[in-house]
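Summary of structural features
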Amino acid sequence: MKAIRRFTVRPVLPDTLRPLADLAHNLRWSWHEPTRALFDSLAPDRSGGTDPVRILGALEAPRLAALAADQGFLARLGEAAEDLDRYLNAPRWYQGRPGDAPAAVAYFSPEFGVAAALPQYSGGLGILAGDHLKSASDLGVPLIGVGLLYRHGYFRQSLGRDGWQQEQYPVLDPGELPVTLLREADGGPARITLALPGGRSLHAQIWIARVGRVPLLMLDSDVEENAPGERNVTDRLYGGGSEHRLLQEMLLGIGGVRAVRTYTRLTGHPVPEVFHTNEGHAGFLGLERVRELGGEGLDFDAALEAVRAGTVFTTHTPVPAGIDRFDRALVARHLGADGALPGVDLGRILALGDETPLGGEPGVFNMAAMGLRLAQRANGVSTLHGAVSRSMFAGLWPGFDADEVPITSITNGVHAPTWVAPEAARLGPDASDRELWELRRALRERLVADVRDRLRASWRQRGAAAAELGWTETVLDPDVLTIGFARRVPSYKRLTLMLRDKDRLRALLLHPERPVQLVVAGKAHPADDGGKRLVQELVRFADDPRVRHRIVFLPDYGMEMARGLYPGCDVWLNNPLRPLEACGTSGMKAALNGCLNLSVLDGWWDEWYQPDFGWAIPTADGAAAADEDRRDDLEAAALYELIERRVAPRFYDRGPDGVPSGWTAMVRRTLADLGPKVLADRMVREYVEKLYVPAAGAHRALGPDRARDLAAWKARVREAWPAVAVEHVEIGDDLAEADAELGATPVVRVRVALGALGPDDVEVQAVTGRVDADDTLAATRTVALKPAGGPDLDGRLPYAGTLELDRTGSFGCTVRVLPAHPLLAHPAELGLAALPEESTGEGAGVLLR
């Protein structure tokens, strides 16, 4: 029989045990080992990870009474409660900064991977968002997280007998999660509402997860006021069709802003000055803020300027296929006069999502294009990804080369207390090679035990009888070189590159002196049959009795599995197609535990790779890269070669004491030199200094009147720009035709036509740099030219300045005119630049070789 209604029955805690509820409902326990140990002691026979809410819910009255009388336990509980209070209230790094920092920042993301007990993530984007919140909490940054509460989470993965991925969607009961409902002063649930076409409404309640000092607001449409279709909007992460996804993203962006307003009204939390959009899914938040300002008397253009000033947009995708795109008519129907944003100019909304400057389709609304147009500051998530993003989105700034597109980069980081094994965290910098090696062996042994348990459970799910599974007792060996690979399974991550030459892989796994073992995990998206075929291919290879003791595939990869996998592996493998890995933080988590990286030079590894930290897998280029089969053959062969010739020999090269000193030296360098770079604390500090503080300053500077003035100025500049021209250029009259000496200081003189604009509206620049065979400038520098007199008879204004030839080799120079205003965050902001006419010799600049 099945229940027709479900209840959550919570225990009534004695007064002396009340602090347990506060500790359980603040997710700081997920990265604070003393608190985790406290709850583990309540349920010593638990299976799986710590989940304090479930542990408390399972305690019987006699057990509660015994705990309430246990003075030793009460002392530990008191210490934990006092420690949490200090953590929540004592000043931290942010409170010691100057007063220019924002009073609060709202951080929107479609998924958050904070803890396994709150399964609201699918992969790297969500884990990154969770680590961002946790490090913000540790640093005292006043963040408000905003997301959705998915009643089915993402999905649970299992395998069929034939190795085909199967999905299950267990229902999540908020009463069993570490969340509380936001309530109005009268005790009723706080609600936000979006109008939908046809007179329908989408209502949502707001759950709060406490991530240390950071509140995470999670909107939930499973409320009685909604019709069945609207009730299911937050059913599962990345599920449903196009309209379903659009409704999710409207609820996240538009509803999320309304949830923030409700939360600050009810709690007195400072109102955010900066809104951070983590990927395009949350981009509608900018439109809701435009609507708000319209209600305060600003027209669309002025409201847009005010919104842009305080908005940060982070892109995580290096390929157009990774961007959410919707049919324009669908967006128009849901955001127009009969939809969620009445009173906001629908034509202007649709223009924000226009992807035609990117070479896209006119009938498509592009969420990343909208996100970039609604944010004055944007970034990619590694140095390489920043460069890829500038090239990918350069069409939105048509007057500029890709390297001048105003998208910076802040390389992702990971939250060390979440991902570092406690034993590794306690290892001091003065530990001997033997201590380091013994720790690595202990962590590997623990992983082997965990893998055997998970493998047996997986085979039972696949239909195997217990009598068939004796072989699992000898799977893996705690003394064998262990390589880990755990990712989502889109094609570009190349789960099966290791299988390219199966005979060679078997030889590596079964090598008589230097064997290798592989632990593999990963989920394919439920709608991605291609990804599922990759999983099946890997599983079938791992099922082979010849090698199944040396390679395993573990289903249902998630945070709890990862916490043991990263520390237990010796090498972390990553072999994406370069440059399609925006960052790839799994290798960072492994590195913090002393695991060495073996990776293609992509994402963060391209930025920080050193031979002391691991190995770089060569990437095919030229004609070989154009042929997919040839490329994969070459890169797989390079992978096998590295493992056979360099990785395994280093691991097994033992001294008289049995310790591989060469290996431990690399582990030591990884921990000491690479470790500090990959921390999320470093990442969040960079967001504060490079993006949040400037955005807060721009927000404060752009009150209603100045927003109107800036919008009017931009409109005037755009209208007048066709008349702006560089009409005469003279560079270095005393120079030889195409020769100059190092240290020369040639004078640049130009005459420009400004039409209806004045000198205060523009900046005239000389742009210098190296030139290639096509005379394209690279590694450019700019010199601002100054007015050099009054207008000539044709009204052209003279400008002049001095160049410094401080580099030898091919050198080039040109001149341009850009819009200039003190409230612009970047010279390229308007995408306008006037350059010399290339058809005239004197106006095209000069080349010195």
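Heads up: the structure comes first, above all this text.
The text that follows walks through the structure, step by step, so that each part is easy to find. Note that this is a predicted model, so its numbers are computed, not measured.

**Quick notes on the packing of aromatic side chains**
Under the defined criterion, the tally for this structure stands at 17 aromatic pairs. By way of ring pairs, the aromatic residues Trp437, Trp615, Phe651, Tyr652 and Trp663 are connected into one cluster. Directly above the aromatic system of phenylalanine 155 lies the positively charged group of lysine 523, at a separation of 4.9 Å from the ring centroid. The ring of tryptophan 419 has lysine 589 sitting right over it, with the charged end atom 4.8 Å from the ring centre.

**Here we look at the pattern of salt bridges**
Summed over all chains, the structure comprises 70 salt bridges. Residue arginine 36 is joined to glutamate 33 by a salt bridge in which the shortest nitrogen-to-oxygen separation is 3.7 Å. Pair noted here: arginine 36 and glutamate 33 are both in helix H2 (residues 33–42), with a separation of three residues, about one helical turn. The buried category is assigned to arginine 36, whose relative accessible area is 7%. A residue is classified by how much of its surface remains accessible, and glutamate 33, at 31% relative accessible area, is partly exposed. Between aspartate 543 and arginine 462 there is a salt bridge, with the nearest N and O atoms lying 2.7 Å from each other. In this pair, aspartate 543 sits in the loop between helix H19 (529–542) and strand E17 (551–554) while arginine 462 sits in the loop between helix H17 (433–461) and strand E15 (481–486), placing the two residues 81 residues apart along the sequence. A residue is classified by how much of its surface remains accessible, and aspartate 543, at 22% relative accessible area, is partly exposed. The structure contains a network of salt bridges with shared partners spanning Glu33, Arg36, Glu560 and Arg563.

**What to know about the sheet that holds strand E19 (residues 596–600)**
Pairing in this open sheet of six strands is parallel, and the strands run E17-E16-E15-E18-E19-E20 from one edge to the other. Each edge of the open sheet is held by one strand with a lone partner, namely E17 and strand E20 (614–617). Adjacent strand axes in the sheet meet at a mean angle of 20 degrees, parallel and antiparallel pairs treated alike. Relative to the sheet, helix H18 (residues 502–509) contacts strand E16 (516–521) and E17, its axis offset from that of E16 by approximately 115 degrees. Strands E15, E16, strand E18 (571–574), E19 and E20 of the sheet are contacted by helix H24 (residues 628–652), whose axis makes an angle of about 165 degrees with E20.

**Here we look at the pairing of strand E10 (residues 311–314)**
Side chains of E10 alternate between two faces, with Thr311 and Phe313 and Val312 and Thr314 buried alike. Direction of pairing for strand E9 (residues 274–278) relative to E10: parallel, over a ladder of four bridges. For threonine 277, the partnering residue across the bridge sits in E10 and is phenylalanine 313.

**Quick word on the packing of helix H10 (residues 300–309) against helix H27 (residues 704–720)**
In contact at an axis separation of 8 Å, H10 and H27 are set at 110 degrees when each is read in the N-to-C sense. Considering the angle they form, H10 stands roughly perpendicular to H27. Across from Asp301, Ala302, Glu305, Ala306 and Arg308 in H10, the residues of H27 making contact are Ala707, Arg708, Leu710, Ala711 and Lys714. Here the contact of H10 with H27 is composed, by residue class, of five nonpolar, no polar and five charged.

Criteria and cut-off values
Positions within a chain are numbered from 1, following the residues in the order the chain's sequence is written. Reporting of local features is limited, given that this is a predicted model, to residues whose pLDDT is at least 70; pairs of side-chain atoms are given and counted only at 80 or more, and all residues count toward the totals for whole chains, interfaces and linings. Side-chain numbers come from the whole structure's heavy atoms, not from hydrogens or water. Note on aromatic pairs: the rings of Phe, Tyr and Trp (six-membered ring only in Trp) are paired at centre separations within 6.5 Å, and the planes decide the class, stacked below 30 degrees, edge-to-face beyond 60, tilted for the rest. Two conditions define a charge sitting above a ring: the NZ of Lys or the CZ of Arg must be within 6 Å of the ring centre, and it must be within 35 degrees of the ring normal. What makes a salt bridge here is a side-chain nitrogen of Lys or Arg within 4 Å of a carboxyl oxygen of Asp or Glu, nothing more. Elements are defined by DSSP. Helices are runs of H or I of four residues or more, strands are runs of E of two residues or more, and each kind is numbered from the N terminus. Throughout this description, buried means an accessible area under 20% of the type-specific maximum (1.4 Å probe, protein chains only), exposed means over 50%, and partly exposed covers the range between. Two strands make a pair as long as DSSP finds a minimum of two bridges between them. The angle between two axes is taken between their N-to-C directions and runs from 0 to 180 degrees, where each axis is a line fitted to C-alpha atoms and a helix contributes only its stretch in contact. Throughout, a contact is declared for two residues whenever any of their heavy atoms are within 4.5 Å. By the definition adopted for this analysis, an angle is roughly parallel if under 35 degrees, roughly antiparallel if over 145, roughly perpendicular if from 65 to 115, and oblique otherwise. The nonpolar class holds Ala, Val, Leu, Ile, Met, Phe, Trp, Tyr, Cys and Pro. Asp, Glu, Lys and Arg form the charged class, and all remaining residues, Gly among them, are polar.

That is the geometry; function is a separate question.
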